[in-house]
Amino acid sequence: MLDHKVALDKGFDSALFLNERDEITETSFANIFFVRNEKIYTPKVSSGLLRGTMRDYLLENFSVVEDTIRVGDLKEFDEAFISNSIMGVRPVKSINSLVFSSFQVLEKILNKLKKYGF
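Residues numbered from 1 in each chain as written. Predicted model: local features only at pLDDT ≥ 70, side-chain atom pairs only at ≥ 80, totals over all residues. Heavy atoms only, no water.

The name an unreviewed UniProt entry assigns to the chain is Aminotransferase class IV, from the organism Citroniella saccharovorans. Looking at the chain in UniProt, the text filed under Cofactor (unreviewed entry) is "pyridoxal 5'-phosphate". For the record of the chain, the UniProt heading Sequence similarities (unreviewed entry) holds the text "Belongs to the class-IV pyridoxal-phosphate-dependent aminotransferase family." (UniProt positions renumbered as here; feature names shortened; annotations may be inferred.)

Right, here's the structure in full:
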């Protein structure tokens, strides 16, 4: 919660967590996913993230690759979104100066989640 508050105080919506190997793990309140060429990627549990209910749902119902993702890899992705069981999934519009403007895969996920009230 402290890292989340610090991020908010600096004008960000959340903090991006990295492990000791500089691998992306999650945000301060949600799991994170990235899309490249319409394929979904998320950090491996072995990177040190907390497994989430919505993350598990996405892994079970969509083709998601669990992979090691580093900050330097972010420029290779077309989309980014976060998930948790309270809010469902939400777009990530930017990480620092990197802007994500495509949300085509996220739209497909959101359409499928409508039946659950998300």
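Following the structure, the description resumes.
Student: What should I look at first to understand the overall build of the chain in this one?
Tutor: Along its length, the chain carries three helices and nine strands. Tracing the chain from N to C terminus, the helices and strands come up as α-β-β-β-β-α-β-β-β-β-β-α. In terms of overall dimensions, the chain is globule-like: its C-alpha atoms have a radius of gyration of 13 Å, near the 13 Å expected for 118 residues. Taken over the C-alpha atoms alone, the chain extends approximately 35 × 30 × 25 Å along its principal axes. The burial tally for the chain puts 42% of its 118 residues in the buried class. Contacts spanning at least 24 positions in sequence make up 51% of the contacts within the chain whose residues lie at least 6 apart. Looking at the chain as shown, the accessible area adds up to about 7000 Å², and 51% of this sits on carbon and sulfur atoms. Here the chain contributes 16 positive and 17 negative side-chain charges, whose respective centroids are spaced 4 Å apart. (Helix = DSSP H or I, 4+ residues; strand = E, 2+ residues; numbered from the N terminus. Rg over C-alpha atoms; globule rule 2.2 N^0.38 Å. Buried < 20%, exposed > 50% of the residue type's maximum accessible area, 1.4 Å probe, protein only. Contact = heavy atoms within 4.5 Å. Areas by Shrake-Rupley, 256 points an atom, 1.4 Å probe, with all protein chains shown as cover. Lys, Arg positive; Asp, Glu negative; His and termini not counted. Charge placed at Lys NZ, Arg CZ, Asp CG, Glu CD.)

Student: How should the side chain of Asn-84 be read in this particular structure?
Tutor: Inspection of the secondary structure puts Asn-84 in strand β6 (residues 79–84). Apart from residues lying up to four places away in sequence, Asn-84 is in contact with Phe-29, Ala-30 and Met-54.

Student: What is the right way to look at the pairing of strand β2 (residues 24–27) in this model?
Tutor: The side chains of a regular strand alternate, residue by residue, between the two faces of the sheet. Summarising the sheet, strand β1 (residues 16–18) and β2 pair through three bridges and their orientation is antiparallel. In the sheet register, Phe-17 faces β2, and the bridge partner there is Glu-26. Counting the residues between successive antiparallel strands, the hairpin from β1 to β2 contains five residues, one of them, Asp-22, with a positive phi of roughly 60 degrees. (Pairing = 2+ DSSP bridges.)

Student: Before we go on, may I ask you to explain the packing of aromatic side chains in this structure?
Tutor: Each pair of aromatic rings is reported with the distance of its centres and the angle of its planes. Counting across every chain of the model gives four aromatic pairs. Ring centres of Phe-33 and Phe-81 lie 5.0 Å apart, and the angle between their planes is 5 degrees; this geometry places the pair in the stacked category. Pair noted here: Phe-33 is in strand β3 (residues 31–36) and Phe-81 is in strand β6, with a separation of 48 residues, a long-range link. For the pair formed by Phe-33 and Phe-81, the shared burial category is buried. Measuring from ring centre to ring centre gives 5.7 Å for Tyr-57 and Tyr-116, while their planes differ by 80 degrees; the resulting arrangement is edge-to-face. Here Tyr-116 lies in the segment after α3 (104–113) and Tyr-57 lies in helix α2 (residues 53–61), a separation of 59 residues in the sequence. Residue Tyr-57 is classed as buried on the basis of its relative accessible area, which comes to 19%. (Phe/Tyr/Trp six-rings, centres within 6.5 Å; stacked < 30°, edge-to-face > 60°.)

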